[in-house]
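A structural walkthrough
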Amino acid sequence: MIDRYHLRYFLSVVDTGNFSRAAAACNVSQPTLSVGIAKLEKTLGRSLFDRTNRRVALTDAGARLVASARAIEAGFAEAERAVAETAPVRTLRLGVLVTTPRRWIERLLADQRSAPGGDRLEIVEGKERDLRERLARGRIDLALTLLRDGDPPEARLKLLGEGYALALGQAHPLAGTPVIRAEQLVNDPMIVRRHCELLPETSRFFTTRGVRPVFAARTTSDDKALSYVRAGLGVTVMPEGFREDGVVLAHLDGFDFSRDIGLVFAAHADAEALRHGWLATSLARAVEPPALD
């Protein structure tokens, strides 16, 4: 027989990715949690985690258990609420691509206060590959991320398509130019967005046109990149969805890349309910693309 608290230990390790953090979340010692996981593995006759000195990863058996474990825990929680006559509160675990404008999430969080049922929202930021892995492992319910051709139609919801633009400070000499050629930037320092999904393509775009700029800054924060651009430290290439006071977005001639942004649903999630729920509706409003300057 599987004990409920063993499943809670298991899910806590899945969600935190670490035995010590999982133990703290469950308010037990790490040895106690480790013994509980070992008992669960013995009961099931399968190893659930691959353990190394650097990380803890689910085995195939562990990955298969995640959805069932969450359903069982949800059933226990629903029974407890029914007895206590309390309204159910659902936690939605939303993955957010790091290259999305912060105002999208700010608008979403503003809408959350009036969401029906009082859903709790847990946000997990990451690069596309990390979010895809978390979806596959059942660690998040859905992700706001790049859509790919291989995504099943029933497991995705497109919110917008957008291109990329050159971001310049308002005081830049080319700020009033609607279309800018790479050759016009030969003397401009560049801000490198190290987490950009098109970083290799951007580098090739400039080098093939004989532009080898000085890099004034390298950052994994789009907020900092925008601040650097606003202050006149340099220019950078960003998705069109980024729009800030003091920053002008112009079309970069020949840089014709684009991206589709939307929601991708985990296999264990009720995709149809999420597709028509408050979160998808709110994000559809939040990501409405602004017009280029």
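Above: the structure in question.
These numbers come from a predicted model, not from an experiment. (Residues numbered from 1 in each chain as written. Predicted model: local features only at pLDDT ≥ 70, side-chain atom pairs only at ≥ 80, totals over all residues. Heavy atoms only, no water.)

Focus: the pattern of salt bridges
Here the structure, examined in full by the defined rule, presents 19 salt bridges. In this structure, the salt-bridge partner of Arg 102 is Glu 244, at a minimum N-O distance of 3.3 Å. Taken together, the residues Arg 102 in helix α5 (residues 102-112) and Glu 244 in the loop between β10 (236-239) and β11 (247-252) connect sequence positions 142 residues apart. Owing to a relative accessible area of 38%, Arg 102 belongs among the partly exposed residues under this scheme. Measuring nitrogen to oxygen at the nearest pair gives 2.8 Å for the salt bridge that ties Arg 259 to Glu 162. Here Arg 259, found in strand β12 (residues 258-265), pairs with Glu 162, found in strand β6 (residues 156-169); they are 97 residues apart in sequence, far enough to count as distant. (Salt bridge = Lys/Arg side-chain N within 4 Å of Asp/Glu carboxyl O. Helix = DSSP H or I, 4+ residues; strand = E, 2+ residues; numbered from the N terminus. Buried < 20%, exposed > 50% of the residue type's maximum accessible area, 1.4 Å probe, protein only.)

Thoughts on the side chain of Thr 202
Inspection of the secondary structure assignment puts Thr 202 in helix α7 (residues 199-207). Non-local contacts of Thr 202, meaning those with residues more than four positions away in its chain, are made with Val 237 and Phe 255. (Contact = heavy atoms within 4.5 Å.)

Comments concerning the environment of Trp 104
By the element assignment, Trp 104 lies in helix α5. Taking the C-alpha atoms as reference points, Trp 104 and Ser 68, separated by 36 residues in sequence, lie 32 Å from one another.

Considering the packing of aromatic side chains
According to the stated counting rule, one finds 7 aromatic pairs in the structure shown. An angle of 70° between the planes, with centres 5.5 Å apart, marks the rings of Tyr 5 and Tyr 9 as edge-to-face. Residue Tyr 5 and its partner Tyr 9 are both found in helix α1 (residues 4-16); the two are separated by 4 residues, about one turn of the helix. Of the residues examined, Tyr 9 reaches a relative accessible area of 8% and is grouped as buried. Note on Phe 19 and Phe 49: the rings are 5.8 Å apart at their centroids and 75° apart in plane angle, and the pair reads as edge-to-face. (Phe/Tyr/Trp six-rings, centres within 6.5 Å; stacked < 30°, edge-to-face > 60°.)

Describing the packing of helix α2 (residues 19-26) against helix α3 (residues 30-44)
Running from N to C, α2 and α3 point in directions that differ by 100°, and their axes come no closer than 8 Å. By the angle class used here, α2 and α3 are roughly perpendicular. Between α2 and α3, the contacting residues are Phe 19, Ser 20, Ala 22, Ala 23 and Cys 26 on the first element and Gln 30, Leu 33, Ser 34 and Ile 37 on the second. (Axes fitted to C-alpha atoms, helices over the stretch in contact; angles between N-to-C directions. Parallel < 35°, antiparallel > 145°, perpendicular 65-115°, else oblique.)

Concerning the nonpolar core
As a rule of thumb, soluble globular proteins bury nonpolar side chains together. Counting 34 residues, the largest nonpolar core has Leu 94, Leu 144, Leu 263 and Leu 279 as the members making the most contacts within it. With 5 residues, helix α10 (residues 278-286) is the largest single contributor of residues to this core. With near-sequence residues (within four places) excluded, Leu 279 lies in contact with Leu 92, Leu 94, Leu 108, Leu 121, Leu 142 and Leu 263. Val 13, Ala 23, Val 66 and Ala 69 belong to the second-largest nonpolar core, a separate cluster that totals 19 residues. (Core = buried A, V, L, I, M, F, W, Y, C linked by side-chain atoms within 4.5 Å.)

Regarding helix α6 (residues 128-136)
By the burial criterion, the buried members of α6 are Glu 128, Leu 131 and Leu 135. Burial along α6 is one-sided: seen end-on, the buried residues are contained in an arc of 65°. Set apart from the buried face of α6 by more than 90 degrees, the exposed residues are Arg 129 and Ala 136. Buried-residue contacts for α6 involve β3 (91-97), β4 (120-126), β5 (142-146) and β12. (Arc of directions from axis to C-beta.)

Topic: the pairing of β12
For β12, the tally of buried residues reaches 6 of 8 residues, placing the bulk of the element in the interior. Bridging between β6 and β12 involves 7 bridges; their strand directions are antiparallel. Bridging from a neighbouring strand, Arg 156 pairs with Val 264 of β12. (Pairing = 2+ DSSP bridges.)

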